[in-house]
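Secondary and tertiary structure notes
What follows is each chain in one-letter form.
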Amino acid sequence: MNVLILFGSPKRNGYTQKLTDAFLEGLEKPYTIKYVRLFDLSPVPCNDCGYCKRADGCSKKDLDTFMESYLDADLVIIATPIYLFSMPAPLKALFDRFQRFFNARFSRNIALPIQKPKQAVILLTAGSDGTIGKRVIEEQVKTAFSVMNTKVVASLLWNHTDKDATAADILPKATMLGKQVSRQNKS
């Protein structure tokens, strides 16, 4: 199984990483992992240039290597903190660039712009109550993935990390979620 992690946190060893590691602990091997750290990748934002309405791909070439990894993935993990009820800017820029698949579907009438089906899991952290942010991000991700042959199968929120960073409850849940997703991929 090819696992692609869209990592939206600027911190390499923070709560988002701990939650991701706990989820990965539950995945059954064999699998390969490809991390895409969005703050390092720093995608150029979409400016609605119209290129993808007329042709396959994007006029901006900064995500070409990323797209190869996406197309090869079986499982996509969106691991991110919640910033002001949404995802951090570099991750949002990546999702905006997925507009190319909406244009493939609705402007160029390509029924299935991505052939290989994928599952997706959303792992979120929030310093305070992230309930609203979780709903917002789930809707953004599900909408983007609706034309990308990618189905969100689960999401998990680690709430209130600013006040109570104990992980006694949430990290075991993340590991169990990894096990559940592994079983789904086998069937």
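Preceding block: the structure.
Notes on the structure in this doc start here. For clarity, every value in this text was computed on a predicted model and none was experimentally measured. (Residues numbered from 1 in each chain as written. Predicted model: local features only at pLDDT ≥ 70, side-chain atom pairs only at ≥ 80, totals over all residues. Heavy atoms only, no water.)

1. With respect to the overall build of the protein
The helix and strand tally for the protein stands at eight helices and five strands. When the helices and strands of the protein are listed from N to C terminus, the series reads β-α-β-α-α-α-β-α-α-β-α-β-α. The dimensions of the protein, computed from C-alpha atoms along their principal axes, are 50 × 40 × 25 Å. A total of 187 residues make up the protein; the buried ones form 47% of that total. Taking the contacts inside the protein whose residues are at least 6 apart along the sequence as the reference set, 80% of them involve residues at least 24 apart. Carbon and sulfur atoms provide 52% of the accessible area of the protein, an area that totals close to 9,300 Å². If the 26 positive side-chain charges of the protein are averaged to one point and the 18 negative ones to another, these points end up 3 Å apart. (Helix = DSSP H or I, 4+ residues; strand = E, 2+ residues; numbered from the N terminus. Buried < 20%, exposed > 50% of the residue type's maximum accessible area, 1.4 Å probe, protein only. Contact = heavy atoms within 4.5 Å. Areas by Shrake-Rupley, 256 points an atom, 1.4 Å probe, with all protein chains shown as cover. Lys, Arg positive; Asp, Glu negative; His and termini not counted. Charge placed at Lys NZ, Arg CZ, Asp CG, Glu CD.)

2. Focus on empty space enclosed by the protein
Per the counting criterion, the structure on display carries two cavities of 30 Å³ or more. Each pocket or cavity is described by its volume, and for the largest cavity that value is around 100 Å³. Lining the largest cavity are 15 residues, with C46, C49, C52, C58 and R97 positioned closest to its centre. Every element with two or more residues in the lining of the largest cavity is listed here: α3 (51-54), α5 (89-97) and α6 (99-106). When the residues that make up the lining of the largest cavity are grouped by side-chain class, the tally is five nonpolar, five polar and five charged. Quantified by volume, the second largest cavity comes out at close to 40 Å³. Lining the second largest cavity, in full, are C58, L63, M67, R97, F98 and R100. Of the residues contributing to the lining of the second largest cavity, the split by class is four nonpolar, no polar and two charged. (1 Å grid on protein atoms, 1.4 Å probe; cavity = no way out; pocket = protein on both sides within 12 Å on 5 of 7 lines; lining within 4 Å. Points joined across faces, edges and corners; volume = space filled by probe spheres on them. Nonpolar A, V, L, I, M, F, W, Y, C, P; charged D, E, K, R; others polar.)

3. Brief notes about the pattern of salt bridges
By the definition in use, this model includes eight salt bridges. Two residues, D56 and R108, come together in a salt bridge whose shortest N-O distance is 3.8 Å. Highlighted residues: D56 in the loop between α3 and α4 (64-72) and R108 in the loop between α6 and β4 (118-125), separated in sequence by 52 residues. Taking the shortest distance from any N to any O, the salt bridge between D74 and K116 comes out at 3.0 Å. (Salt bridge = Lys/Arg side-chain N within 4 Å of Asp/Glu carboxyl O.)

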